[in-house]
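Coordinate analysis (summary)
Listed below, chain by chain, are the residues.
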Amino acid sequence: MNIQEIIFNIISNNNHLWVRYWITKESSGLSFRGEYVELRASWISDKNLKELLEYGFKIETIKTLKINADVYSDVLLKREL
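Here we summarise the structure given alongside this text.

Moving on, we come to the sheet that holds strand β3 (residues 58-67). Here we have four strands laid out as an open sheet, ordered β1-β2-β4-β3, and antiparallel in their pairing. Strands with a single pairing partner mark the edges of an open sheet, and in this sheet they are β1 (17-24) and β3. Strand after strand, the sheet turns through a mean of 15 degrees between neighbouring axes, direction not considered. When strand β2 (residues 34-41) meets strand β4 (residues 70-79), the two strands line up antiparallel, connected through seven bridges. Across the sheet, Val37 pairs through a bridge with Leu77, a residue of β4.

Here it is as structure tokens:
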């Protein structure tokens, strides 16, 4: 399964999930080489994280963000190129 299929499966399982995907090919300043996936939702299932971890991504950061009355979890995952 490729990364696009994994992201599609994650989105189709959770309508209130924000996913961002990007690749950084060169290290410069604060950015490091790698393939990144960022998830933001009020609830992120372990199934979604497990798929990404099995695909070779590692968790970089997990943080909680409060915007007005809503609380979100941000998870940043990275895979080496």
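Structurally, Asn48 is set in helix α2 (residues 46-54). Of the residues examined, Asn48 reaches a relative accessible area of 2% and is grouped as buried. For Asn48, the contacting residues outside a window of four places in its chain are Ile10 and Asn13.

Glancing now at the pattern of salt bridges. Using the criterion set out here, one finds four salt bridges in the structure. Note that Glu80 is salt-bridged to Lys78, the shortest N-O span being 3.5 Å. Overall, Lys78 belongs to the buried group, its relative accessible area being 11%.

Scoring rules and cut-offs
- Residues numbered from 1 in each chain as written.
- Predicted model: local features only at pLDDT ≥ 70, side-chain atom pairs only at ≥ 80, totals over all residues.
- Heavy atoms only, no water.
- Pairing = 2+ DSSP bridges.
- Helix = DSSP H or I, 4+ residues; strand = E, 2+ residues; numbered from the N terminus.
- Axes fitted to C-alpha atoms, helices over the stretch in contact; angles between N-to-C directions.
- Buried < 20%, exposed > 50% of the residue type's maximum accessible area, 1.4 Å probe, protein only.
- Contact = heavy atoms within 4.5 Å.
- Salt bridge = Lys/Arg side-chain N within 4 Å of Asp/Glu carboxyl O.

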